[in-house]
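Commentary on secondary and tertiary structure
If you want the building blocks of each chain, they are given just below.
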Amino acid sequence: MKKKFAAFTLIELMVVIAIIALLAVVGITSYATALKKARDSKKMSDIENIAQALVLYRSDNGSYPVTSTVKTSLINGKYLTDANAVGLSDGSYTYTSGTSTPKTFSLCTTQKLENIKSANSYDYKKLDKCTGGTSSGTKTCEFWCVTNP
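Starting afresh in each chain, residues are numbered from 1 along the sequence in its written order. Restriction of local features to residues with pLDDT of at least 70 applies here, the model being predicted, together with a cutoff of 80 or more for giving and counting side-chain atom pairs; totals for whole chains, interfaces and linings are based on all residues. Side-chain numbers here rest on the full set of heavy atoms in the structure, without hydrogens or water.

What to know about the overall build of the protein
- When you go through the protein residue by residue, the secondary structure sums to three helices and six strands.
- In DSSP terms, a helix is any run of H or I states spanning at least four residues, a strand is any run of E spanning at least two, and both are numbered starting from the N terminus. Its helices and strands taken in sequence order, the protein reads α-α-α-β-β-β-β-β-β from the N to the C terminus.
- Working definition: with a 1.4 Å probe on protein chains only, accessible area under 20% of the residue-type maximum means buried, over 50% means exposed, and in between means partly exposed. Here the protein holds 149 residues, and 28% of them are scored as buried.
- For the protein, long-range pairs separated by at least 24 residues make up 54% of all intrachain contacts whose partners lie at least 6 apart in sequence. Only heavy atoms enter the contact rule, under which two residues are in contact if any of them lie within 4.5 Å.

See below:
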């Protein structure tokens, strides 16, 4: 009498390994996309927070802060509580104002935003400048700027 050993064939093992590999690739790709979207959302949130602080500053003082004093003007606990949290100190965002009593300003990201579908997809609709190419409706931008919200 011959003994039968219960075992998997080579084909069965290869099919299972292929399925696991396919699932791993799909999972890693989805995770990478989610990370990009999260980074972009944080940048957009930072821009909106800084823009709101600038509007509050203008309502209190009659004009936007000048470029050279924006950090000290906004980061005093009343407008922004932590400069590093919004990227003003580390250079993630650039701010430029008009004259010595500015009525205009421009606030831009210096980091690439990768998953922005449209400049009008945000509540404030302040994203009005994009440098970079467009392809099939999706904008690939190096810089997004907010001017006079």
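Side note on the packing of aromatic side chains
- Note on ring pairs: Phe, Tyr and Trp rings are taken, using the six-membered ring of Trp, and paired if centres are within 6.5 Å. Classes follow the plane angle, with under 30 degrees stacked, over 60 edge-to-face and the rest tilted. Inspection of the entire model under this criterion finds three aromatic pairs.
- An angle of 65 degrees between the planes, with centres 5.5 Å apart, marks the rings of Tyr57 and Tyr79 as edge-to-face. With Tyr57 in helix H1 (residues 10-61) and Tyr79 in the loop between helix H2 (70-74) and helix H3 (83-86), the pair connects residues that are 22 residues apart, well separated along the chain.
- For Tyr79, a relative accessible area of 14% puts it in the buried group.
- Each residue in the set Tyr64, Tyr95 and Phe105 is aromatic and connected to the rest through ring pairs, giving one cluster.

Let's talk about the nonpolar core
- Take the buried residues of types Ala, Val, Leu, Ile, Met, Phe, Trp, Tyr and Cys, join any two whose side-chain atoms come within 4.5 Å, and each joined set is a nonpolar core. Within the largest apolar cluster, 18 residues are counted, with the highest numbers of intra-cluster contacts made by Ile50, Leu54, Leu74, Tyr95 and Leu107.
- Tallying contributions element by element places H1 first for this core, with seven residues.
- Residue contacts for Leu74: discarding those within four places in its chain leaves Ala53, Leu54, Tyr57, Pro65, Tyr79, Leu80 and Leu88.

Thoughts on the pairing of strand S1 (residues 93-97)
- On S1, burial follows the alternation: Tyr93, Tyr95 and Ser97 on one face are buried, whereas Thr94 and Thr96 on the facing-out side are not.
- At least two bridges found by DSSP between two strands are what make those strands a pair. For S1 and strand S2 (residues 105-109), the ladder comprises five bridges, and the chain directions are antiparallel. Its bridge partner being in S2, Tyr95 is matched across the sheet by Leu107.

Focus on H1
- Multiplying one less than the number of residues by 1.5 Å gives the expected span of a helix. For H1, built from 52 residues, the straight-helix expectation of 76 Å at 1.5 Å per residue is met to within 8% by its first-to-last C-alpha distance of 76 Å.
- Within H1, the full set of buried residues consists of Asp40, Lys43, Met44, Asp46, Ile47, Glu48, Ile50, Ala51, Ala53, Leu54 and Tyr57.
- Gly62 sits one or two positions beyond H1 and adopts a positive phi of about 90 degrees.

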